[in-house]
Structure formats: C-alpha cells, structure tokens
Amino acid sequence: MTPTALPAPGDHRATYREVLAEPRFRLLFSTRAVAITAGSLRITTFSVLVFAATGSALLSALAFGIGFLPQLFGSLLLGSLADRLPPRALIAGGYALECAAALLLALVRMPIAASLGVVALVSLATPVFHGASSRLVAQSLEGDAYVLGRSLNNIAGAGAQLFGLALGGAVVAALGPRRALAVSAVLYLGCALAIRIRLPPLQPGEFGGTPGGAGGNSGAVRASLQGAGLLLRGRTVRRLMLAQWLPVALVAGAEGLIVAYAGERHFAPGWYAVLMGCLPLGMLVGDLLVGRLLRPPTRERLVVPLIALTGLPLVGFVTEPGVGVSSCLLLLSGLGYAYGLGLQRPFLDALPQDGQGQAFGLPGSGSMTLQGVGPVCLGAVAAGMGTGGAIAVAGGAAVLTAGWILTWHPPTSPVPVPNPHPHVSLTGGHSR
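Residues numbered from 1 in each chain as written. Predicted model: local features only at pLDDT ≥ 70, side-chain atom pairs only at ≥ 80, totals over all residues. Heavy atoms only, no water.

*Asks:* Now, about the overall build of the protein: what can you tell me, with residues and values included?
*Replies:* Helix and strand counts for the protein come out as 19 helices and 0 strands. For the protein, buried positions account for 55% of its 432 residues. Surface exposure of the protein reaches about 16,600 Å², of which carbon and sulfur atoms provide 69%. (Helix = DSSP H or I, 4+ residues; strand = E, 2+ residues; numbered from the N terminus. Buried < 20%, exposed > 50% of the residue type's maximum accessible area, 1.4 Å probe, protein only. Areas by Shrake-Rupley, 256 points an atom, 1.4 Å probe, with all protein chains shown as cover.)

*Asks:* Got a sec to walk through the environment of Pro-313? Specific residues and values, please.
*Replies:* Relative to the helices and strands, Pro-313 resides in helix α16 (residues 303–315). Sequence-wise, Pro-313 and Gly-395 are 82 residues apart; in three dimensions their C-alpha atoms are separated by 7.0 Å. In contact with Pro-313, not counting residues within four places along its chain, are Leu-329, Leu-332 and Ser-333. (Contact = heavy atoms within 4.5 Å.)

*Asks:* Give a description of the packing of aromatic side chains that names residues and reports values.
*Replies:* All told, the structure shown has 4 aromatic pairs when counted by the stated rule. Taken together, a centroid distance of 5.5 Å and an interplanar angle of 20° make the contact between Phe-25 and Phe-29 stacked. Of this pair, Phe-25 and Phe-29 both sit in helix α2 (residues 23–54), 4 residues apart, roughly one helical turn. Of the residues examined, Phe-29 reaches a relative accessible area of 18% and is grouped as buried. (Phe/Tyr/Trp six-rings, centres within 6.5 Å; stacked < 30°, edge-to-face > 60°.)

*Asks:* Break down the side chain of Ser-184 for me, with residues and values.
*Replies:* Tracing the sequence through the fold places Ser-184 in helix α10 (residues 177–198). For Ser-184, a relative accessible area of 0% gives the class buried. The residues contacting Ser-184, other than those within four sequence positions of it, are Ala-38, Leu-41, Arg-42 and Ala-102.

*Asks:* How would you explain the confidence of the model for the protein if you had to name every residue and give the values?
*Replies:* On average, residues of the protein score 77 in pLDDT, and 82% of them reach the 70 mark or higher. Least confident of the elements in the protein is helix α11 (residues 220–233), whose mean pLDDT is 70; most confident is α16, at 94. In the predicted structure, residues 1–9 sits below a pLDDT of 50 and forms 24 contacts with residues beyond four places in sequence or in another chain. Within the model, the stretch residues 411–432 combines pLDDT values under 50 with 79 contacts to residues more than four positions away or in other chains. (pLDDT = per-residue confidence, 0-100.)

*Asks:* Describe a nonpolar patch on the surface, and please don't skip the residues or the numbers.
*Replies:* On the surface, Phe-73, Leu-77, Leu-78, Val-221 and Leu-225 cluster together into a nonpolar patch covering about 420 Å² of accessible area. The set of elements that each furnish at least two residues to the nonpolar patch consists of α4 (71–78) and α11. It is α4 that contributes the most residues to the nonpolar patch, 3 residues altogether. Topologically, Val-221 is positioned in helix α11. (Patch = residues over 30% accessible without salt bridge, like charges linked within 9 Å, V, L, I, M, F, W, Y side chains within 5 Å. Salt bridge = Lys/Arg side-chain N within 4 Å of Asp/Glu carboxyl O.)

*Asks:* Can you tell me about the state of the cysteines, naming the residues and giving the values?
*Replies:* Applying the stated criterion across every chain yields a total of 0 disulfides. Of all cysteine sulfurs, the one in Cys-99 lies closest to Cys-191, which takes part in no disulfide; the gap is 9.9 Å. Free of any disulfide, Cys-328 has its nearest cysteine sulfur in Cys-278, 7.6 Å distant. (Disulfide = S-S within 2.5 Å.)

*Asks:* How would you sum up the packing of helix α6 (residues 87–107) against α10? Please name residues and give values.
*Replies:* For any two helices packed against each other, one specifies the inter-axial angle together with the distance between the axes. Axis separation between α6 and α10 bottoms out at 8 Å; the angle between their running directions is 165°. With respect to α10, the axis of α6 lies roughly antiparallel. When the axes of α6 and α10 are compared, the crossing they make is left-handed. Here α6 contributes Arg-88, Ile-91, Ala-92, Tyr-95, Ala-96, Glu-98, Cys-99, Ala-102, Leu-103, Leu-105 and Ala-106 to the contact with α10, which in turn contributes Arg-178, Leu-181, Ala-182, Ser-184, Ala-185, Tyr-188, Leu-189, Cys-191, Ala-192, Ile-195 and Arg-196. Residues that form the contact of α6 with α10 fall into these classes: 17 nonpolar, 1 polar and 4 charged. (Axes fitted to C-alpha atoms, helices over the stretch in contact; angles between N-to-C directions. Parallel < 35°, antiparallel > 145°, perpendicular 65-115°, else oblique. Left-handed = near helix turned anticlockwise from the far one by under 90°. Nonpolar A, V, L, I, M, F, W, Y, C, P; charged D, E, K, R; others polar.)

*Asks:* Got a sec to walk through the pattern of salt bridges? Specific residues and values, please.
*Replies:* Within this structure, the stated rule accounts for 2 salt bridges. A salt bridge links Glu-98 to Arg-42, with the shortest nitrogen-to-oxygen separation between them at 2.8 Å. With a gap of 56 residues between them, Glu-98 in helix α6 and Arg-42 in helix α2 connect regions that are remote in the sequence. For Arg-42, a relative accessible area of 9% puts it in the buried group. Across the pair Arg-265 and Glu-320 runs a salt bridge whose closest N-O atoms are separated by 3.9 Å. With Arg-265 in the loop between α13 (258–264) and α14 (271–293) and Glu-320 in the loop between α16 and α17 (323–335), this residue pair connects regions lying 55 residues apart in the sequence. For Glu-320, a relative accessible area of 34% gives the class partly exposed.

*Asks:* Quick one: what's the story with the nonpolar core, residue by residue and with numbers?
*Replies:* Most often, soluble globular proteins have nonpolar side chains that are buried together. In terms of nonpolar packing, the biggest core is built from 89 residues, with Ile-91, Tyr-95, Ile-195 and Leu-330 touching the most fellow members. Residues in contact with Tyr-95, not counting those within four places in the same chain, are Thr-31, Arg-32, Ala-35, Phe-129, Tyr-188, Cys-191, Ala-192 and Ile-195. One finds Leu-105, Ala-106, Val-119 and Leu-181 within the second-largest nonpolar core, a separate group that totals 10 residues. (Core = buried A, V, L, I, M, F, W, Y, C linked by side-chain atoms within 4.5 Å.)

*Asks:* An account of the environment of Arg-17 is needed here, citing residue identities and associated values.
*Replies:* Relative to the assigned elements, Arg-17 resides in helix α1 (residues 16–20). We classify Arg-17 as exposed; its relative accessible area is 74%. Considered as a pair, Arg-17 and Ala-145 are 128 residues apart in the sequence and their alpha carbons are 9.6 Å apart.

Rendered as structure tokens:
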C-alpha cells in the first residue's frame, strides 16, 4: 500500500506456531476469544429482544451498536490509564465489569432506554483494558509475529462470533433470551478469573510503560487528552487510524441491519443468525489466507483492493436478495476484512515508545465507536429507503473509501509525537 508507506519492512514471514509459543500471548488470546463469544451472545440477544419489543429497525440497530458508541470518548478521557495502572487489574476488572452488565440485563427488567444506558456506560471503560492487553501482546511478539498475532486474534474473533451466534440460538431456544444473557455473564466471569490467576502481577514499568503513565504526574483525563491529541496530529498515524476505522464502521452499519432485514423479508425464524454468521466466517477465512500465505509486502499492497472487497458485495443488497444470495454477499464482504493485516506493521512503526497502551487503545476505541455510529446512521437511512437499500449505501461508501485511500501519498515529515528514545524492537507483549 503506497498511501501510508513507511520504510520498507522485512520480508520474513512468521508462523502461527511461533506466535502461539508465547505463553502471555496464549493467555490473552484465549480469554479474548471467550470474551468475544460472550459479547456476540449478549449483543445479538439484546438486539433481538429490543426488536421484538419495539418492532423498530432503528432501535434494534441502536441496541446492536450501543456498546461501541461511547468507546472513543472513553479512550480520549481515560486512555492513559492503560499505561499508568497494572495490566492484570485492568484486564481482569474490565471482564468483571462486562460480566456485571450482562448479569444486570439478565436479571432486571428495565425500560429500553435504561438497558441501553447500562451497556453504554460499561463501554466507556473498554478502551482502557483493551489498550493494556494490546500493549502486552505487542511487547511479547516481534516483527511479522506481531502481525500474525493480530491475524490469530482476528481469526479467533471471527470464530468466536460464529460460535456465539450458534450458542445464542441454542441457549435462547432452550432457556430464553434473559437466561442467554446470564450465560454470557458466566463466560465473562471465567475470563476475569483466568486473567487474575494466570497473568503475572506486572507493574507499568515492567511492561515498557513509565510508572505514572504517559503524561507524568498530571491527571489521567488531562494526560489522556494530551496523548490523544499528539497522536491524532501526526499525519501518518491519523491516516492509518482512518484506514482502520472507516471500512469496518460501514460494514458494521450494514451488519446492524441484518436482524431488521431478515424480519422485513419474512425469513424463517433463526435465519438472521445464519446471515450474521456469514460476515465473521468470511473474516476468518480471509485472515487465515492472507495472514498465512502472503508475505508482509504483499499484504500491504493489497490493502486498498481488500477494502473495496468489503463494500462491493454489499451493493448487491439494493435488489433485496433472498437468504442464499444474501449469505454469499455477506461472506464475500467478510473476506475483505483481512485488509487490516497490511496496516499493522506500518502503524506499529509509527507509534512512540512511551504511551503505547493509549496508542493501541485509541484505534480500537475509535473503530468501535464508529461501528456504533454506523448502525444508527444506517438505521435512519433504512427508515426512508428500506434495509436493503441502506446496506447497499454502506457498501458503496466502503468502495469510495478505498478510492480515497488510494489517493494518499507518503508523508514528507515525521510524526509529531515526542519520542526521546530511538525506536527499538519490542520484546515484551500485543494482540483487533
């Protein structure tokens, strides 16, 4: 990919076996997979409950995306805590908080607005523990092993989404939706306990951060805002973040309409889960092929074509196809998600050595927030032109995004982020 090219990376291709040989990565990888299963179960069950109660495509899409929407604000205001506080406490506490939210939704019958508020409030803290986890992985894996670590996380995430959908369908059928939410709470609790028991009690200075975090002794909010401002003012980092954010947000917007699309088309009960499973299945296959078979420079050259692939199939929804064609289109769109692998090494190389916990949390939280905005915006579009047309709009916008990225040119000046130390190879641990 030429638009954001940094100095040419090495051509060494790591293996998944090398990546999985790292114990810290294995722990973070496995707990993340279980947590994504729990999240998939919670999100889809909650979205179905809201649609059943209201019949509103907009509210159903909002229920799907509400856990994503506030994450950018959480990163901007609290992101520096990922570099200031011990990672074990942050990561285990994050999973425990998710457990509490799922349990509350399962046990307490609240108004829709209150339920949405609970999920939104918990998501404010998500960037902090995700940033700490990502930093640990980045310091445990070097070079192409880091990229394959991201690939494995993507593959596990896609597989966990599929399993979460299947588990959700089975649990809802057997126990009902509220007990399905309780099952997701149990899964989150298991992740929290695994991190608390098995991850060493590292202090910030032991995993590459500065005790007290980026920003020295200033308040967490002030340090977070200053760190985010420095990162976003750097043209290379800003563009690489936008390239990671925009296509995913558009496809997530389309994904948030699948429940309503299946309902409007009167598909048989349960088919919405099949359709929603096609995107993560495509993601799994795409990441496996691109991550395992292609060398690093090839992955980076394919970024723009793969972004276009995320959008082109969705344009076909303008014809409002049936279950079979819709499944194929969503599967093809999911294949394009592998574009993110070509962005990982340039992004890692562009980051400062200090404050990387926040730097890793910011792109993830921004992506999640836009994934929450996408369903809401497209839900509003669907109110005027139908869900099929709105999904097609999302696909067309993703194709235009690929064309826009193609017009970018390499930066002529370094990223304006202070880095008093020469960039060195990371030898300590990072995880999407």
